[in-house]
Amino acid sequence: MKRLRDPDTGCEWDVAQSFETIAPYTIEEAYEVADAIARDDLADLKDELGDLLLQVVFHAQIAEDNGQFTFADVVTAICDKMERRHPHIFGDVAEGGHHLWEQIKAEERQAKAADGTLDGVALGLPALLRAEKLQNRAARVGFDWPDTAGPRAKIDEELAEIADATPETLEEEFGDLLFAVVNFARHHGIDAERALRNGNRKFERRFRAMEQQAGDAFAALDLAAKEDLWQAVKHRDG
């Protein structure tokens, strides 16, 4: 990467990149890792992990070129963090576990001056995942429903507001509905981001099966015929 970024002998495209231009590729590669895992394709996972590692190296090289930090600094920082958050492994604490990890993370956040409860939830996260993280943060300070009844009622409330929305407010109301659905899922212990990925995968599998069954005639079928195909595929799919 250092050779690729060399301003005199490197690759013109690589030299021109910045943190901002590379960030979308970093997110994309992380999702491709997740996709390989979901497909249980270990050969692809090996390749995708390499692609993701390249993104880390790329960002670190940009930083080194700017005189900010190096790849070694990145590795040192994460090693320090893992040791700090696992004192029962690397230190003298008798017992650990996820609760201790969360406690240490909370203490680290408090140590940052002027941090609020919701600070540090990355803006670049997928929207469903970020919604869940924001809700979890709010719940830590007591801003949460005690059971599933509250978030379920909130969905009904948001649906009613969509029915009454104007064209100017419709998108905002749909955002509120999606946020409420994530909260309802969270109260059931469901990862909304993973649930939607699985839902997407199921729809894609069933839609492809419909196309294969109907062949070239699929596009010309009326909606009722397509629905019959969908129900047949759904029944076989289980």
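In this text, all values refer to a predicted model and were calculated from it rather than measured experimentally.

Caption draft 1: Expanded view of the overall build of the protein. Of regular secondary structure, the protein possesses eleven helices and zero strands. Secondary structure of the protein in N-to-C order comes out as α-α-α-α-α-α-α-α-α-α-α. Here the C-alpha atoms of the protein give a radius of gyration of 24 Å, more than 25% beyond the 18 Å that 2.2 N^0.38 yields for 238 residues. In terms of principal-axis extent, the alpha carbons of the protein reach across some 60 × 55 × 45 Å. For the protein, the proportion of its 238 residues judged to be buried stands at 22%. Restricting to contacts in the protein with at least 6 residues of sequence separation, those with at least 24 account for 45%. A total of about 16,200 Å² of accessible surface is found on the protein, and carbon and sulfur atoms cover 57% of it. The protein carries 28 positive and 49 negative side-chain charges, and their two centres are separated by 4 Å.

Caption draft 2: Local environment of a nonpolar patch on the surface. Taken together, the side chains of Leu 53, Val 56, Phe 69, Phe 71, Val 74, Val 75 and Ile 78 define a hydrophobic patch exposed on the protein surface, amounting to about 520 Å² of accessible area. By residue number, the principal contributor to the nonpolar patch is helix H4 (residues 71-85), which donates four residues. Residue position: Phe 71 is located in helix H4. Residue classification places Phe 71 among the partly exposed residues on the basis of a relative accessible area of 36%.

Caption draft 3: Looking closely at the environment of Leu 118. Note that Leu 118 resides in the loop between helix H6 (98-111) and helix H7 (127-140). Assessed through its relative accessible area of 42%, Leu 118 is described here as partly exposed. Here the alpha-carbon distance between Leu 118 and Gln 135, two residues 17 residues apart in the chain, equals 9.0 Å. Those residues in contact with Leu 118 that sit more than four places away from it in its chain are Leu 134, Arg 137 and Ala 138.

Caption draft 4: Just the packing of aromatic side chains, in detail. All chains considered together, the criterion is met by five aromatic pairs. One aromatic cluster is present, built from ring pairs that chain together Phe 203, Phe 207, Phe 218 and Trp 230. Over the ring of Phe 218 we find Lys 226, and its NZ or CZ is 5.3 Å from the ring centre.

Caption draft 5: Structural context of the environment of Arg 5. Relative to the helices and strands, Arg 5 resides in the segment before helix H1 (12-16). On a C-alpha basis, the gap between Arg 5 and Phe 179 in space is 42 Å, while along the polypeptide they are 174 residues apart. Sequence-distant contacts of Arg 5, that is, excluding residues within four places in its chain, are made with Asp 14, Val 15, Gln 17, Phe 58, Gln 61, Ile 62 and Asp 65. In terms of polar contacts, Arg 5 uses its side chain to reach the backbone carbonyl oxygen of Asp 14, at 2.9 Å. Within the structure, Arg 5 has its side chain in polar contact with the side chain of Asp 65 (distance 2.9 Å).

Caption draft 6: Main features of unusual backbone geometry. A positive phi angle, near 55 degrees, is found at Asp 40, a position not held by glycine. Note on placement: Asp 40 falls in the loop between helix H2 (19-38) and helix H3 (42-65). According to the relative accessible area criterion, Asp 40 is exposed, its value standing at 61%.

Caption draft 7: Up close: the pattern of salt bridges. Tallied over the full model, the rule gives 13 salt bridges. Between Lys 2 and Glu 64 there is a salt bridge, and its shortest N-O distance comes to 3.9 Å. Pair noted here: Lys 2 is in the segment before H1 and Glu 64 is in helix H3, with a separation of 62 residues, a long-range link. Residue classification places Lys 2 among the exposed residues on the basis of a relative accessible area of 57%. Its relative accessible area of 33% is what places Glu 64 among the partly exposed residues. Of the charged contacts, one joins Asp 44 and Arg 39 as a salt bridge, the two residues approaching to 2.5 Å between their closest N and O atoms.

Procedures and definitions
- Residues numbered from 1 in each chain as written.
- Predicted model: local features only at pLDDT ≥ 70, side-chain atom pairs only at ≥ 80, totals over all residues.
- Heavy atoms only, no water.
- Helix = DSSP H or I, 4+ residues; strand = E, 2+ residues; numbered from the N terminus.
- Rg over C-alpha atoms; globule rule 2.2 N^0.38 Å.
- Buried < 20%, exposed > 50% of the residue type's maximum accessible area, 1.4 Å probe, protein only.
- Contact = heavy atoms within 4.5 Å.
- Areas by Shrake-Rupley, 256 points an atom, 1.4 Å probe, with all protein chains shown as cover.
- Lys, Arg positive; Asp, Glu negative; His and termini not counted.
- Charge placed at Lys NZ, Arg CZ, Asp CG, Glu CD.
- Patch = residues over 30% accessible without salt bridge, like charges linked within 9 Å, V, L, I, M, F, W, Y side chains within 5 Å.
- Salt bridge = Lys/Arg side-chain N within 4 Å of Asp/Glu carboxyl O.
- Phe/Tyr/Trp six-rings, centres within 6.5 Å; stacked < 30°, edge-to-face > 60°.
- Lys NZ or Arg CZ within 6 Å of the ring centre and 35° of its normal.
- Polar contact = N/O pair within 3.5 Å; in protein donor to acceptor, adjacent residues only side chain to side chain.

Limitation: the analysis is restricted to geometry and does not speak to function.
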